[in-house]
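What follows is each chain in one-letter form.
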Amino acid sequence: MDCKEAARLLEPYLDGELDRDSVRALEAHVDDCAECQAALANLGRVRHAMRAEAPRYAAPASLRDRIRREAPAPAYAPRTHRMPAWSRLAAACFGAFVAGAAVMHYAAGPGSADARDQVSRDLFASHWRALAAASPVDVVSSDRHTVRPWFAGKVAESPRVTDFADQGFPLVGGRVDYVGAARVPVLVYRHDKHLIDVYVLPADAPAGTMLRRDGYTLIWSTLDGERAAIVSDLDAGELARFESVLAAK
Amino acid sequence: MTAAASSAWVSALAEEHLDAAYNLGRWLLGNEQDAADAVHDAFVRATRSAHTYGGGNARAWWLAIVRNCCLAALKTRRRETPSVAVEAIVDAGVDTAANDVESSAEVEERSRAIERQLRALPVEFREALILREIEDLSYREIADVLDVPIGTVMSRLSRGRALLQKALAPRPPEGDMHGL
């Protein structure tokens, strides 16, 4: 890849809109190119300025009341991902946004809201890319002994791989994906028609509370004492059950 | 969908994405009253035209209606102040030299600066940036809201970021400018 091509891809890369192959090719180029690194850093600064420093205006209570007053009694809601506690969650997200904005001026380390934002964005993007790809896994599991050796040499440390077929979550396989600049192992499970990605994260990865985006949920967990994140479109109850199965191992 | 069901659906949708709608309205129209009125108009319009929703991303459908109401409000508004030319904003520049320790006043000043620069951007760049960076919409969703191809979304984001980057860059010292 040359700089001209890289320059064209930098913004889609930051926006999480690149396919996996292009991400790899771009990262390989940027690793060796000071000019593109500088361009990426400049774009990062603009993004940080907007996300951390530009205000997001919350709807005033008067407007919310006005719309609620005119709304009919809820009867039926087709295909919106409505949660019973959405308003609480939305308030929490906005609170986190404000708190994040306040904190970020002093700490942009791995524990900061900015870092967590980037990581959760990468995790969702990775999950969606995998769903859109021809296959969500790079190695198919015939049994767990095929998956762990496959990771060797591809990531710093191969995760311990367990099949939870007995509990209703059979292991589909594994793949490697990027979270930030780190290559991480991803274990892929299935429940009915839903895919569940388990990302084994570096020790310094940020953690946080549950996040929902477009009907997909991200929860932070642990796997054999390692930091992990789970992304799926399973419903909340089943996902909680999967998380407890995973953490109990 | 029956009429009652569709209007209940619109209410749920509007409530869930009310902050996103209002935020977009504030950035397009500037003040609380106009933004709230435009969002309310959008709600009324969405309720009436729920049957036009043809599937796909419901949030983008709702935000597209909000945006149309904002643009309609902008059009009817008599502009007392002409919009400031982008070049002037670029020239004005803001000193954002990063210090390790910042007082809260400096942080606040930076926040005001970015807000000022964003507001000074032409509206087509501003709305694309707000939807991407603050509302976290994907290219596809932004394309749906703005009713333009994805390629146009990408070029507007890119142009908007370039203008913002230029506007936020620290000004070079006077001497250097003449020395070149």
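Residues numbered from 1 in each chain as written. Chains lettered and ligands numbered in written order. Predicted model: local features only at pLDDT ≥ 70, side-chain atom pairs only at ≥ 80, totals over all residues. Heavy atoms only, no water.

Trainee: Go over the overall build of chain A with me, naming the residues and quoting the values.
Mentor: Across its full length, chain A carries 8 helices and 7 strands. Scored against the burial criterion, the 249 residues of chain A give a buried share of 45%. Of the contacts made within chain A by residues no fewer than 6 positions apart, 59% connect residues no fewer than 24 positions apart. For chain A, the accessible surface area stands at approximately 12,200 Å², while carbon and sulfur atoms represent 54% of it. (Helix = DSSP H or I, 4+ residues; strand = E, 2+ residues; numbered from the N terminus. Buried < 20%, exposed > 50% of the residue type's maximum accessible area, 1.4 Å probe, protein only. Contact = heavy atoms within 4.5 Å. Areas by Shrake-Rupley, 256 points an atom, 1.4 Å probe, with all protein chains shown as cover.)

Trainee: Provide a residue-level description of helix 2 (residues 20-31) of chain A, including the pertinent values.
Mentor: Because the α-helix completes a turn every 3.6 residues, residues three or four places apart line up on one side. All names here are of chain A. For helix 2, built from 12 residues, the straight-helix expectation of 16 Å at 1.5 Å per residue is met to within 8% by its first-to-last C-alpha distance of 16 Å. Among all positions in helix 2, only Arg-20, Ser-22, Val-23, Leu-26, Glu-27, His-29 and Val-30 are buried. Its side-chain oxygen at 3.2 Å from the backbone nitrogen of Asp-21, Asp-19 defines the N-terminal cap of helix 2. (Expected span 1.5 Å × (residues − 1). Polar contact = N/O pair within 3.5 Å; in protein donor to acceptor, adjacent residues only side chain to side chain.)

Trainee: Which residues make up the interface of chain B and chain A, and what are the values?
Mentor: Facing the 53 residues of chain B at the interface are 43 residues of chain A. Buried area between chain B and chain A, summed over both chains or domains, comes out near 4,500 Å², and the portion from carbon and sulfur atoms is 57%. Its largest share of buried area at the contact with chain A, chain B owes to Glu-15, Asp-19 and Glu-133 of chain B, together 15% of the area lost on that side. The tally of links between chain B and chain A comes to 13 salt bridges. The shortest N-O distance in the salt bridge between Glu-133 of chain B and Arg-51 of chain A comes to 2.7 Å. Taken together, chain B and chain A are joined by 23 residue pairs in polar contact (both at pLDDT 80 or more). Of all the secondary-structure elements, those providing two or more residues to the side of chain B that touches chain A are helix 1 (3-16), helix 2 (18-29), helix 3 (32-48), helix 6 (104-120), helix 7 (123-134), helix 8 (139-146) and helix 9 (150-168) of chain B. For the side of chain B that touches chain A, the element with the most residues is helix 1 of chain B, which contributes 9 residues. Residues that form the side of chain B that touches chain A fall into these classes: 26 nonpolar, 10 polar and 17 charged. (Buried area = accessible area lost by both parts, 1.4 Å probe. Salt bridge = Lys/Arg side-chain N within 4 Å of Asp/Glu carboxyl O. Nonpolar A, V, L, I, M, F, W, Y, C, P; charged D, E, K, R; others polar.)

Trainee: Can you break down the pairing of strand 6 (residues 216-223) of chain A residue by residue, with the values?
Mentor: Residues and elements named next belong to chain A. Across the 8 residues of strand 6, 7 count as buried, placing the element largely inside the fold. As defined by bridge partners, strand 5 (residues 211-213) adjoins strand 6 across 3 bridges and the pair is classed as antiparallel. What sits directly across from Arg-213, in strand 6, is Tyr-216. Following strand 5, the chain reverses through 2 residues before pairing antiparallel with strand 6; Asp-214 in that reversal takes a positive phi of roughly 50°. With 7 bridges connecting them, strand 6 and strand 7 (residues 226-232) associate as antiparallel partners. By the bridge assignment for strand 7, Leu-218 is matched with Val-231. The hairpin turn running from strand 6 into strand 7, its antiparallel successor, is 2 residues long, and Asp-224 in that turn takes a positive phi close to 55°. (Pairing = 2+ DSSP bridges.)

Trainee: Lay out the pattern of salt bridges in plain terms, naming residues and giving numbers.
Mentor: In this structure the tally under the stated criterion is 31 salt bridges over all chains. The partner of Arg-241 of chain A in a salt bridge is Glu-238 of chain A, and the shortest N-O contact between them spans 3.4 Å. Taken as a pair, Arg-241 of chain A and Glu-238 of chain A lie in helix 8 (residues 236-248) at a separation of 3 residues, close to a single helical turn. The salt bridge partner of Asp-136 of chain B is Arg-132 of chain B, with a shortest N-O separation of 3.0 Å.

Trainee: Report on the pairing of strand 4 (residues 194-200) of chain A, specifying residues and quantitative values.
Mentor: Residues in a regular strand point their side chains to alternate faces of the sheet. Residues and elements named next belong to chain A. Among the 7 residues that make up strand 4, 6 are buried, leaving the element largely enclosed by the rest of the structure. Strand direction decides the pairing type here: strand 3 (residues 182-191) and strand 4, joined by 6 bridges, are antiparallel. Bridge pairing links Val-186 to Tyr-199 in strand 4. Between strand 3 and strand 4, which pair antiparallel and follow one another directly, the connecting turn spans 2 residues, one of which, Asp-192, has a positive phi of 50°. Taken together, the 5 bridges between strand 4 and strand 7 define a ladder with antiparallel strand orientation. Counterpart to Asp-197 in the pairing with strand 7 is Val-231.

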